[in-house]
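The chain contents come next:
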Amino acid sequence: MAVLRMQKVSICALKRDRKAILELLQMSGMMEIIPIVSEDSVFKKSDTILSRQGFERNAVIADQAVEVLQEYVPEKKSLFSSLEGKPLAGEAKLKSIEKNADASVDDAKQILLLNRQIAEDKAGIVKLEAQIESLKPWMNLDIPLTGTGTWKTTVLVGSVGAAVTLEQLYAAIAEKAPEIEGLELQIVGSDKDQTCITAVCLKKDEIRLEELLRTEGFAKPPQAVAVIPGTHVKGLNVQIEKLKADIEDSLRKIMTYEGCRDTLKLLSDYYRIRADKYEVLGGLVQSEKTFIMEGYVPATQTDGLKNKLEEKFELAVFVEEIPEEEDAPVLLQNSNFTSAAEAVTSSFGLPAKGELDPTSIMTFCYIFLFGLMLSDAAYGLIVFLACFIAIKKFPRMDAGLQKSLRLFMYCGVSTLFWGIMFGGYFGDAVNIISKTFFGKEVGIPALWFVPLNDPMRMLLYSMIFGCIHLYLGLGLKGYMLLKDRKYLDFVCDVVLWYMMLTGLVLLLVPTDLFGSIVQIKLTFPPFLNMLAKVLAIGGAIGILFMSGRNSKNPVLRIALGAYDLYNVTGWLSDVLSYSRLLALGLATGVIASVINQMGSMLGNGFIGAVLFTIIFIFGHLFNLAINLLGAYVHTCRLQYVEFFGKFYEGGGRAFAPFRQNTKYVDIKED
Amino acid sequence: MSGIVFALLGVAVAVGMAGMGSAWGVGVAGQAAAGVVTEDPSKFAKVLLLQLLPGTQGIYGLLVGFITLSKIGLLGGGAQMDMSITQGLLYFAACLPIGMVGLVSAKFQGQTSAASIGIVAKKPEQFGKAMLFPAMVETYAILALLISILAVSAL
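Residues numbered from 1 in each chain as written. Chains lettered and ligands numbered in written order. Predicted model: local features only at pLDDT ≥ 70, side-chain atom pairs only at ≥ 80, totals over all residues. Heavy atoms only, no water.

**With respect to the overall build of chain A**
Here is the rule: Secondary structure elements are defined from DSSP: runs of H or I of at least 4 residues count as helices, runs of E of at least 2 residues count as strands, and each element is numbered from the N terminus. Our radius of gyration is a C-alpha quantity, and the globule rule it is checked against amounts to 2.2 Å times the number of residues to the power 0.38. The buried label goes to any residue with under 20% of its type's maximum accessible area, the exposed label to any with over 50%, and the partly exposed label to all in between, with areas taken from a 1.4 Å probe on protein chains only. Residue contacts are counted whenever heavy atoms from the two residues lie within 4.5 Å of one another. Shrake-Rupley sampling with a 1.4 Å probe provides the accessible areas, and residues are treated as covered by the protein chains on show and by no other component. Charge counting treats Lys and Arg as positive and Asp and Glu as negative, with His and both chain ends excluded. Taken as the charge centre is NZ of Lys, CZ of Arg, CG of Asp or CD of Glu, depending on the residue.
Scanning chain A from terminus to terminus reveals 23 helices and 13 strands. Since a compact globule built from 670 residues should have a radius of gyration of about 26 Å, the 40 Å found for chain A marks it as more spread out than a globular shape. Counting only C-alpha atoms and orienting by the principal axes, one finds that chain A spans roughly 130 × 85 × 60 Å. Looking at chain A as a whole, 46% of its 670 residues are labelled buried. Of the contacts made within chain A by residues no fewer than 6 positions apart, 82% connect residues no fewer than 24 positions apart. Accessible surface, chain A: about 34,200 Å² in total, of which carbon and sulfur atoms supply 61%. Positive and negative side-chain charges of chain A, numbering 68 and 74 respectively, have mean locations separated by a distance of 4 Å.

Laid out in structure tokens, this is it:
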């Protein structure tokens, strides 16, 4: 349970070693570099942005090439590949990549070029197909679309509106221009938008005829093809075939690069690492022969890092404590068990300066409450086994994912435990199955009690668990205040509240109201009643006078105290909020029963059994999924709002070390 | 008329209204989620979780409806056909909280979820906080559920 102490490390070294030093730091991944802003006449920054951009571009090219390969030559991936994590690659491998980097980049560019060619060819095919499509109605035409003529005649080729008949055209022309003689109209084809015609007339009538036809909607064909349409389409088809062959050819060429996939992945990571290195390099201040850098390093690592550096290079390393005003980054360190819930803490916010890391205590509460909400032994077992198998099967899983799965594995155990306590095994599946298929109802009795039969009791226990959780939160606040030696704050903000709340609870328990709710009448001995009154009133008065102790004005001070006293309603709502333990616990059990009921309605024959199995499997999968989500969300809420609300604010900045930030492989030191 | 009519009406209110609210809420959140996924399909799992949050009210309604059905004997035979009107109205009243609160809270939880999906779209690392806002709205559905369950099982 700790936030790792950070130290500030300054390195002053020779310029000729700078790349080697940066490589060592990047490999160890233990130092967060502090960018130095100030330059002076001696120490200046060097501009690395150009080379950095070059590396980044190469990394992107390699990435894109990998994507192209994935598209055309997909790599076989199992269903669980996202659990597998990144494979390991030795440092020597990276070195060999470095040697052939240029050739590999050329390979990647070649792949992208081929990909672009394929895309262009595909676009070409689409264009040609559109042309063929638009020529379809003209296919019966046996002269070029541009129209030709003879010595004395002219042929007009074009289209008029849909569903126009020859009679209409002849009639229209005869009416308006009876002088045109020797007119020959012919329909060559039609589709839903147009009727394609040819008109043969004497040369002298050409202009007049075209005018008249235009009034009927005549238009020249969109493509002025100087050959017969049929021949032209044949030519287009040949072109399409050629493009298709080109695509095949490009595809075959891309296939030959399949073996490069791993190299390209490594290449991408190699350039990514180098780009990061150059980014840091650009932030260093350098004199003619030396350079200076600063960074935060976890205190446990500083000695090792210092020795390593001093062993290899001629340099000076200074280690100092971080000054008060500086905002050190936060890295959590917890035991193997409690580190599982680090993601829960960090998604709320890492501990701010001076705050303690609540993860370890929170882990226990999280697992406990999660189990209460899901509370079904069979579901617990399924969750546990699924997470356990995944963790064992994929040892190289991403560290964050592995922690989350471990958390759910523990939650599964807790769910199993509470399921046995409350007698939930797929809801009431045992009872239903035995009754439906074997004619005799047997059930596994609950070890403690069945919440559905006794909801008030469960509600009471939910609130008791809630009170313990909240008291724990307040206690942690007290611990933090004591650690900071703020004794007055400890008494006023923690002890007085403990007094008042405990007093109020003790006052509530012997009342008739409480007795009727839990159906147990408790009578306290008189001294305990007295003590309760003293605690409650003493605490309340203390809070009234002490809460606003920072205010000099006595009236304001009392007013602030009264306002703080009003927070007791906040405590009430916090405790009531734990009723969700009951609600969600019941939800799991009741929906499971609904599923079992539905399954059993189909009788106990063979078909009934088959349908029961199907409904059982899918129904319970659904119920498990929806209740896992509910339990996860509401357990988080209880931690974040009720528990953290008592003592924890968060707001720390995560430790972001200079490291090999790779995408495809993890680099292993040889 | 037998009181069981009112009891069954209560079941209908609990399941129906809470279910409508959830359908509404999940729908609103789903539209926002679909928008995010068109831009960045890798956020699918996160926005799906947020979309599902307003779905619980419908389940709470189902829960109360189911307990009521089994209390009045409509599941597994032995229905109390001769139930008094008073008794029936009592069941009806007991079902009201989760029906009404379920409807309203699911609707607003859906809108909050949609807003939280906006957080995930811009700052995916703030998922934990984004999830908390819709969970706040749900509290009141849980309180209503609690009273409905306690009332139905006490009858």
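That covers the picture; the talk isn't over yet.
**A few points about the packing of aromatic side chains**
Residue and element names in this part refer to chain A. In plain terms, the rule: Only Phe, Tyr and Trp rings take part, Trp by its six-membered ring, and two of them pair if their centres are within 6.5 Å. Stacked means planes under 30 degrees apart, edge-to-face means over 60, and tilted covers everything else. Geometrically, a charge over a ring is one whose NZ (Lys) or CZ (Arg) sits within 6 Å of the ring centre while staying within 35 degrees of the ring normal.
Overall, the coordinates contain 36 aromatic pairs over all chains when judged by the stated rule. Where Phe643 meets Phe647, the ring centres are 5.1 Å apart and the plane angle is 75°; that geometry is what we call edge-to-face. Of this pair, Phe643 and Phe647 both sit in helix H23 (residues 606–647), 4 residues apart, which is roughly one turn of that helix. On the accessibility criterion, Phe647 (7% relative accessible area) is buried. An aromatic cluster is present here, built from Phe368, Phe417, Trp418, Phe422, Trp448, Phe449, Tyr461 and Phe465 joined pairwise through their rings. Sitting above the plane of the Trp151 ring, Lys152 keeps its charged end 4.8 Å from the centroid. Positioned above the aromatic ring of Trp571, the side-chain terminus of Lys646 is 4.6 Å from the ring centre.

**Focus: the pattern of salt bridges**
Residues and elements named next belong to chain A. To keep things clear, this is the line we draw: Basic side-chain nitrogens of Lys or Arg form a salt bridge, by our definition, when they fall within 4 Å of a carboxyl oxygen of Asp or Glu.
This model, assessed by the stated rule, comprises 29 salt bridges over all chains. Measuring nitrogen to oxygen at the nearest pair gives 3.8 Å for the salt bridge that ties Arg457 to Asp454. Look at Asp454 and you get partly exposed, because its relative accessible area is 27%. What you see here is one network of salt bridges that share partners, running through Asp63, Asp269, Arg272 and Lys663.

**Remarks on helix H3 (residues 56–71) of chain B**
Residue and element names in this part refer to chain B. Note the following rule: Here, expected helix span is obtained from the residue count minus one, scaled by 1.5 Å.
Spanning 16 residues, H3 covers 22 Å between terminal C-alpha atoms, matching the ideal 22 Å at 1.5 Å per step. Counting buried residues in H3 gives 13 out of 16 residues, a clear majority hidden from the surface. Of the residues one or two after H3, Gly73 is the one with positive phi, at around 80°.

**Comments concerning the environment of Thr56(B)**
Looking at where Thr56(B) falls in the secondary structure, it is placed in helix H3. Beyond its immediate chain neighbours, meaning those up to four positions away, Thr56(B) contacts Ser22(B) and Glu138(B).

**Section: the packing of helix H12 (residues 359–374) of chain A against helix H14 (residues 399–422) of chain A**
Residue and element names in this part refer to chain A. Selection rule: Angular values range over 0 to 180 degrees, each being the angle between N-to-C directions of two axes fitted as lines to C-alpha atoms, with helices fitted over their stretch in contact. Relative orientations are named as follows: roughly parallel for angles under 35 degrees, roughly antiparallel for angles over 145 degrees, roughly perpendicular for angles from 65 to 115 degrees, and oblique for any other angle. Should the near helix be turned counterclockwise from the far one by less than a right angle, the crossing is left-handed, whereas a clockwise turn marks it as right-handed. Residue classes follow a fixed rule: Ala, Val, Leu, Ile, Met, Phe, Trp, Tyr, Cys and Pro count as nonpolar, while Asp, Glu, Lys and Arg count as charged, and any other residue, Gly among them, counts as polar.
Closest axis-to-axis distance for the H12/H14 pair is 7 Å, and the angle between their directions is 50°. Relative to H14, the element H12 lies oblique. Viewed along their axes, H12 and H14 form a crossing whose handedness is right-handed. Note on element contacts: H14 touches H12 through Leu407, Phe408, Tyr410, Cys411, Ser414, Thr415, Trp418 and Phe422, opposite Thr363, Tyr366, Ile367, Phe368, Phe370, Gly371, Leu372 and Leu374. For the contact of H12 with H14, the class distribution of residues is 12 nonpolar, 4 polar and no charged.

**Some words on the side chain of Glu642(A)**
All names here are of chain A. Stated formally: In protein, a polar contact means a hydrogen-donor-capable atom and an acceptor-capable atom, both N or O and within 3.5 Å, with residues adjacent in sequence counting only if both atoms are side-chain atoms; elsewhere, any N or O pair within 3.5 Å suffices.
On the secondary structure map, Glu642 appears in helix H23. There is a polar contact of 2.9 Å between the side chain of Glu642 and the side chain of Ser577. Contact partners of Glu642, with chain neighbours within four places excluded, come to Leu470, Asp574, Ser577, Tyr578 and Arg637.

**A word on the pairing of strand S8 (residues 194–202) of chain A**
Note on strand geometry: in a regular strand, side chains alternate between the two faces of the sheet. Residue and element names in this part refer to chain A. Test applied: Here, any two strands with at least 2 DSSP bridges between them count as paired.
Counting buried residues along S8, 7 of its 9 residues qualify, which places the element largely inside the surrounding structure. For strand S6 (residues 153–161) and S8, the ladder comprises 9 bridges, and the chain directions are antiparallel. For Thr153, the partnering residue across the bridge sits in S8 and is Leu202. If you look at the hairpin formed by strand S7 (residues 184–190) and S8, you'll find 3 residues sitting between the two strands.

**So, the interface of chain A and chain B**
Heads up, the rule is: Using a 1.4 Å probe, buried area is obtained as the accessible area two parts lose upon being combined, added over both of them.
With 28 residues of chain A in contact, the opposing surface of chain B contributes 25 residues. Summed over both sides, the interface between chain A and chain B buries roughly 2,400 Å², with carbon and sulfur atoms accounting for 84% of that surface. Counting across the chain A and chain B interface gives 0 salt bridges. The interface formed by chain A and chain B includes 4 residue pairs in polar contact (both at pLDDT 80 or more). Residue assignment for the side of chain A that touches chain B shows that the elements contributing at least two residues are helix H11 (342–348), helix H16 (455–483), helix H22 (580–600) and H23 of chain A. Among the elements that line the side of chain A that touches chain B, the one with the most residues is H22(A), at 11 residues. The residue makeup of the side of chain A that touches chain B, split by class, is 21 nonpolar, 5 polar and 2 charged.

**Quick word on unusual backbone geometry**
A negative phi angle is the norm for most residues apart from glycine, just as the trans form is the norm for most peptide bonds. Residue and element names in this part refer to chain A. The residue Ser375 is not glycine, and still its phi comes out positive at about 35°. Examined against the element boundaries, Ser375 turns out to sit in the loop between H12 and helix H13 (377–393). Within the chain, Phe426 stands out as a residue other than glycine whose phi angle is a positive 50°. With respect to the secondary-structure elements, Phe426 resides in the loop between H14 and helix H15 (429–438).

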